[in-house]
Amino acid sequence: MIRKTNKFVLAVCVLFASIIASTSFAQTIKIGVDGPFTGGSSSMGVSMRDGVRLAAKEINAAGGVLGKKLELIERDDEAKNERGVEIAQELINKEKIVAVVGFINTGVALASHRFYQDAKIPVINNVATGTALTKGPSFPFKDAKDVFVFRTSARDEIQSPMIVNEAITVRGFKKVAILADSTNYGQLGQADLIKALAAKNITPVTTEKFNVGDTDMTAQVLKAKSAGAEAILTYAIGPELAQIANAMAKVGWKVPLIGSWTLSMANFIDSAGKNGEGAIMPQTFIQAPTTPKRKAFIEAYLKEFKPKNDRIDSPVSAAQGYDSVYLLAAAIKQANSLEGDKIRLALEDLKTPVVGVVKTYNKPFTKDDHDAITDKDPVMGIVKNARVVAAKGQK
């Protein structure tokens, strides 16, 4: 009889413990965070992740959302498409996330987003800029009744005209070369550049391709030089961009380097050194305290993560990551639900403005437009003294 009683007591204790564990689990809202935290894209990925962490910490300190704390489930996709797919399946099926933020590389995002779309889990893509992620004939969900992919970065369709305008209209060049990497990011960006050039009746004198990891761009640079290019337009990431700048110095050729926002990456600025000075690019955020929100964000970020020389490795990534969490939190609060479809509907019709680092988001999304950044938001930045500052005439 005693043994039976002990077994009964044990069973009750186990059941009680499981209820407590379940209750504890229910007190958090699981948010997936996907990005490259190692490798050549890591300066973007880590900065984004830290911006996300900072926002989640602030929100949790203020009481969380719907009385629950945000729990970040972070995964390193290593900038590999196949790894992004594995992470998507794990976050959906095992971790049971409510939503996901992140994505740095367009290829990884394109490979991963379909799983979240099928599972009706909202995605806020906060760094990847490939136009096809939210727009255009190549957008994979254009025929879907409801789309669960949103974005807080400036798509290439916005950046490319800005790059071309700087080269053709502002500086008056007629001959430009395009150097782009072989990834989805590079090739889709190149296509947008060619389209923007065509709108000004300009054809690039040459388009040169290279692979991620290539360490010598001399051949590509010499082809651009021999074609008479007055400027090089780029679509790539930091390490390879540095190789372009260094190859130009190697052959004694100095023309402006104008490209996508990734020319602001720390591993471009540091690896190119003096050869990267003067590179110019679109930016949604420059590390300068130009608004009270930006001042507070910069101070909090530097205090929390203590980056070298008080310079955020990728300010754009950090700011957009930070803002994406606040937008998601606002949608969950408005929806008063953790159901993906209700969160999506709230994102498409946010009632209350969200004061972010990049901007104040006043109804940033609609049913038909899931891009929070418009062509009015980015400014041109320029590399000076190993930092990105606002280009002349920009605020």
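The present account deals with the structure reproduced in this document. (Residues numbered from 1 in each chain as written. Predicted model: local features only at pLDDT ≥ 70, side-chain atom pairs only at ≥ 80, totals over all residues. Heavy atoms only, no water.)

**A short note on the side chain of Arg 294**
Part 1 of the argument: In this fold, Arg 294 is placed in helix H10 (residues 292–305).
Part 2 of the argument: Beyond its immediate sequence surroundings of up to four residues, Arg 294 is in contact with Thr 284, Phe 285, Ala 288, Val 357 and Val 358. (Helix = DSSP H or I, 4+ residues; strand = E, 2+ residues; numbered from the N terminus. Contact = heavy atoms within 4.5 Å.)

**Focus: the pattern of salt bridges**
Part 1 of the argument: Applying the stated rule across the entire model yields 27 salt bridges.
Part 2 of the argument: Across the pair Asp 349 and Lys 363 runs a salt bridge, and its minimum N-O distance is 3.1 Å. Linking Asp 349 in the loop between helix H12 (340–347) and strand S11 (354–355) with Lys 363 in the loop between strand S12 (360–361) and strand S13 (379–384), this pair joins segments that are 14 residues apart in sequence.
Part 3 of the argument: What makes Lys 363 partly exposed here is its relative accessible area of 44%.
Part 4 of the argument: Here the residues in one salt-bridge network are Asp 146, Asp 341, Arg 344, Glu 348 and Lys 367, joined through shared partners. (Salt bridge = Lys/Arg side-chain N within 4 Å of Asp/Glu carboxyl O. Buried < 20%, exposed > 50% of the residue type's maximum accessible area, 1.4 Å probe, protein only.)

**Here's the deal with the pairing of strand S6 (residues 176–181)**
Both faces of the sheet carry side chains from a regular strand, because those side chains alternate between them.
Part 1 of the argument: Across the six residues of S6, six count as buried, placing the element largely inside the fold.
Part 2 of the argument: Both S6 and strand S8 (residues 231–235) contribute to a ladder of five bridges, which runs parallel. Bridge pairing in S8 links Ile 178 to Leu 233.
Part 3 of the argument: Sheet topology note: the S6/strand S7 (residues 206–210) ladder contains five bridges and is parallel. Among the inter-strand pairings, Ala 180 is bridged to a residue of S7, identified as Lys 209.
Part 4 of the argument: Between the parallel elements S6 and S7, the chain passes through helix H6 (residues 184–198) in a crossover that is right-handed. (Pairing = 2+ DSSP bridges. Right-handed = clockwise from strand over helix to strand, strands pointing away.)

**Some points on the packing of aromatic side chains**
Part 1 of the argument: Going through the model one piece at a time under the given rule, you end up with nine aromatic pairs.
Part 2 of the argument: Ring-pair connections join several aromatic residues into one group, and the members of that group are Phe 285, Phe 297, Tyr 301, Phe 305, Tyr 322 and Tyr 326.
Part 3 of the argument: The residue whose ring lies beneath Lys 293 is Tyr 326, and the NZ or CZ to ring-centre distance is 5.1 Å.
Part 4 of the argument: Seen from the ring of Phe 148, Arg 344 lies directly overhead, with NZ or CZ sitting 5.4 Å from the centre. (Phe/Tyr/Trp six-rings, centres within 6.5 Å; stacked < 30°, edge-to-face > 60°. Lys NZ or Arg CZ within 6 Å of the ring centre and 35° of its normal.)

**Remarks on unusual backbone geometry**
Part 1 of the argument: One non-glycine residue, Lys 306, lies in positive phi territory at about 50°.
Part 2 of the argument: Position of Lys 306 relative to the elements: it lies in the loop between H10 and helix H11 (315–335).
Part 3 of the argument: For Lys 306, a relative accessible area of 64% puts it in the exposed group.
Part 4 of the argument: At Lys 363, a position not held by glycine, the phi torsion is positive, near 50°.

**A word on helix H7 (residues 218–226)**
Part 1 of the argument: Listed as buried for H7 are Thr 218, Gln 220, Val 221 and Ala 224. Each buried residue of H7 lies within a common arc of 165° when the element is viewed along its axis, so the set occupies one face.
Part 2 of the argument: Considering only its buried residues, H7 is in contact with S6, S7 and helix H8 (238–250).
Part 3 of the argument: Just beyond H7, the residue with positive phi is Gly 228, at close to 85°. (Arc of directions from axis to C-beta.)

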